[in-house]
Structure formats: C-alpha cells, structure tokens
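Okay, here's what each chain looks like letter by letter:
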Amino acid sequence: MSKKLPIFTLGVEEEYQIIDPETRDLRSHLSKIVDGAKIILNEQVKAEMHQSVVEVGTNICKNVKEAKDEIRFLRSKIVELAHKQGLVVGGAGTHPFSRWQDQPITDDPRYHHIVNELQDAARSNLIFGMHCHVGIENRDIGLQLMNQATYFLPHIFALSTNSPFWEGRNTGYKSFRTKVFDKFPRTGLPEYFDSVQSYDNYLDTLVKTGCIDNPKKIWWDLRLHPFYDTIEFRITDMSLTVDEAMCIVAIIQAIVAKLYKLTVSNTSFNIYRIALIKENKFRAARYGIEGNMIDFGLKEEVETKLLLHELLEFVDDVVDELGSRDEINYIHTILNEGTGADKQLRVFEQTQDLSKVVDMITSEFTRGL
C-alpha cells in the first residue's frame, strides 16, 4: 500500500491591472483601493511598485478548491472597490498599450530603493504575474524538488502566456512580460544547488557583500523561499480568468507532489542543464502552446501540446489524492481555446483596436466570479 502524500498547502499571489474604463489605460488608484481592501482583507492585499497595480494573496490553503474560493473572493472584492472609484480591473501579463513612462511609482521606501538601484530597469517593469507557493516542510527535500521541477517550468509558462503586446505593439511573443523582467538581476531559471547549505551560503554571500539587502531579492522563476517553508513558482503571466489561474496552480501542485513521491521512493526525476531548459523557456515565451519544445530524452522537437498531454499522464496518479481533477481538466479548454495571449491576439486581428483587447481582458477577469 502506497504511503499517503503530504498535504502540499498552497498560497497564490496575483497582480491586477487597475484601468480607466474611458481611456482603457492603466490608472493610479492613489492607494484608495489598497487602503479600502485592507479594512476587509488585512494583509492579503498590498500596493506594488507602480500605482496602477494591486497585489493580492490568499491565506494558506489546504487544497486547490480552497485556493480557488479565495481567489474568487479576492478578485470580487478588488472589482467592487475599484468600481467605487470609477475604475475596472484586468488580468494580463502586460497592458496592451500603456506606457511605463506615464505610470507613477508608489511612494514607499522599498520601491524608492529598488528604483534608485536599478533605474529604468525598475521603472519600466510594468508587468503582472501570478506566484504560487507549495508547502514543503523539509528544506532539503524542497531543494531537491526545486532542482527537478525546473524542467517543467517552460511547460507551465507556455500554458500561462498572456502578454503579447507592449506599449501598443504586437511584440511577436506570446509572453513579452518575461522579456521585460529579464532586465532585472537574479531573474530567470534558478541555479542548480547540490545542498541547502550551498543555497544558504549563496544567499548569505549576496547579503554580506551588499548585492542584496534581503534574500527575497532573488527573483528567479522558481525559488526555495528564504523565509517560508515553500517552493515558489514565479514564472507565470497573470491569468485572464480564475479557471485558467487555478488550472495552472493545480498542475504546479501536482508536479511537486509527483516529484516528491518519486524522491521518497528513491526514484528522482532527471536533472537537465539549465542551458537546455532555457531553450524551451524561449520557445514558450515566443510561441506559447502553439509551437514546439524539445524532448530532452528523445533529443527531438515535439509539439508543445503533446508534451503537455504527457505531463498530464506523468502527474495523473497523484491528482485524485490532491482533489484537483476538475481544475486540472480545464487544461483541455486552454489547449482548445488558446491561452490568454491567443485570445488577446484574436480580438486584435478581428478589430485592429487595442481598446477592444483591454475590454476583453477586463470582462474575462470577472468571469466565474
């Protein structure tokens, strides 16, 4: 009889666009939405670097269904508070035409410090993502899982692609958000570490030498969190809908659970070179789910959709125990209808009007609430 899996708790963070319904441009909410939300949501909401961004985070959730209920609630409350200010809310990795030069920075010492250090790389970082924490109590196992899960980051990323436009241009990418973020230091795919001690030594070195003032300034696509007992997936674009977001969260949790199951059975997953995984990350950013990625075992190009079906088979034996079958099955809708980027591009092809793209983003945000 197989041993029961740990709970693999979840925490989900989303970054929302605050939009003027007349101009469809991003709009500063002057902290009114955040201040209003804190009365209801306490520490579950905070301002971000740009004043047109609101970040929310769930409490610690026991399973995907709890996380889904919380994200629905959080989205609903932010929409309600925005409406009182005459504003609307959207979910995408970038705004289709807003210029970062026009967006004021939040008056906060933390953000002033980042802007002072990184200058226009920080000011231009007008992007929106979703982060997913998966609870792992043992940091040694957490590091092993981080090393192994890195292989799957491009697969997850391809599903989430939702930022084809930047400052009014069709970039040719399904996710341009990641290209904007590449200007920051300590971003991208995580390094391989052979022990928690070597990982902690790396963080200590950066802090002691003044490269960073705290270990959270490691902004990799996946990291063993320096303060919480979690591994944090940070690669995904902000999703249009709750169903898309929670499908991706469910897949992330299932990958961690399956890799854990293999690890405790002394059957660890292959570790591939970061240089190779970078090739798949580029393909995911450029083509989303419509292109090919590399099957490193076969050393062949394979349709990304086929690799995603193989991923479903890989995690299938843990899904029912996690209770996430319904959420994971939504992947078939994404594969059939396209990602957020595909939907944005379809609207633009039909209308040649980026304002209509914004309307789609804001209307999809509330779907399922």
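Going by the structure above, here's the rest.
Cut-off values and rules
Residues numbered from 1 in each chain as written. Predicted model: local features only at pLDDT ≥ 70, side-chain atom pairs only at ≥ 80, totals over all residues. Heavy atoms only, no water. Helix = DSSP H or I, 4+ residues; strand = E, 2+ residues; numbered from the N terminus. Rg over C-alpha atoms; globule rule 2.2 N^0.38 Å. Buried < 20%, exposed > 50% of the residue type's maximum accessible area, 1.4 Å probe, protein only. Contact = heavy atoms within 4.5 Å. Areas by Shrake-Rupley, 256 points an atom, 1.4 Å probe, with all protein chains shown as cover. Lys, Arg positive; Asp, Glu negative; His and termini not counted. Charge placed at Lys NZ, Arg CZ, Asp CG, Glu CD. 1 Å grid on protein atoms, 1.4 Å probe; cavity = no way out; pocket = protein on both sides within 12 Å on 5 of 7 lines; lining within 4 Å. Points joined across faces, edges and corners; volume = space filled by probe spheres on them. Nonpolar A, V, L, I, M, F, W, Y, C, P; charged D, E, K, R; others polar. Pairing = 2+ DSSP bridges.

Asker: What is the right way to read the overall build of the protein chain from this model?
Answerer: Tallying secondary structure elements over the protein chain gives 15 helices and 13 strands in all. For the protein chain, whose C-alpha radius of gyration is 20 Å, the value lies close to the compact-globule estimate of 21 Å for 369 residues. C-alpha atoms of the protein chain, sized along the principal axes, occupy 60 × 50 × 35 Å. Burial status across the protein chain gives 58% buried among its 369 residues. Restricting to contacts in the protein chain with at least 6 residues of sequence separation, those with at least 24 account for 76%. Roughly 15900 Å² of accessible area belongs to the protein chain as shown, and the carbon and sulfur atoms make up 47% of that amount. The protein chain carries 43 positive and 54 negative side-chain charges, and their two centres are separated by 1 Å.

Asker: Sorry if this is basic, but what is going on with empty space enclosed by the protein here?
Answerer: The gaps left among the atoms become clear once a water-sized probe is rolled over them. Tallied over the entire structure, the rule returns 3 cavities of 30 Å³ or more. Within this model, the largest cavity holds a volume of roughly 70 Å³. Arg 177, Thr 178, Phe 181, Asp 182, Thr 187, Gly 188, Asp 221, Arg 234, Ile 235 and Lys 281 together form the lining of the largest cavity. Here the lining of the largest cavity gets 3 residues from one element, more than from any other, and that element is helix 7 (residues 177–181). Each residue belonging to the lining of the largest cavity can be placed in one class, and the counts come to 2 nonpolar, 3 polar and 5 charged. Volume-wise, the second largest cavity comes out at about 50 Å³. Forming the boundary of the second largest cavity are Leu 159, Ser 160, Thr 161, Asn 162, Met 238, Ser 239, Leu 240, Glu 244, Ile 334, Thr 339 and Gly 340. A breakdown of the residues in the lining of the second largest cavity according to their chemical character gives 4 nonpolar, 6 polar and 1 charged.

Asker: Can you walk me through the pairing of strand 3 (residues 53–57) in this structure?
Answerer: On a regular strand, each side chain points to the face opposite its neighbour's, so the side chains alternate between the two faces of the sheet. The buried count for strand 3 comes to 5 of 5 residues, which makes it a mostly enclosed element. Here strand 3 shows two buried faces, one formed by Val 53, Glu 55 and Gly 57 and the other by Val 54 and Val 56. Bridge analysis of strand 1 (residues 10–19) against strand 3 gives 5 bridges, and the strand direction is antiparallel. Among the inter-strand pairings, Gln 17 is bridged to a residue of strand 3, identified as Val 53. Pairing analysis gives 3 bridges linking strand 2 (residues 45–47) to strand 3, with the strands arranged antiparallel. Bridge pairing links Lys 46 to Glu 55 in strand 3. Where strand 2 hands over to strand 3, the hairpin turn is made up of 5 residues, counted between the paired strands.

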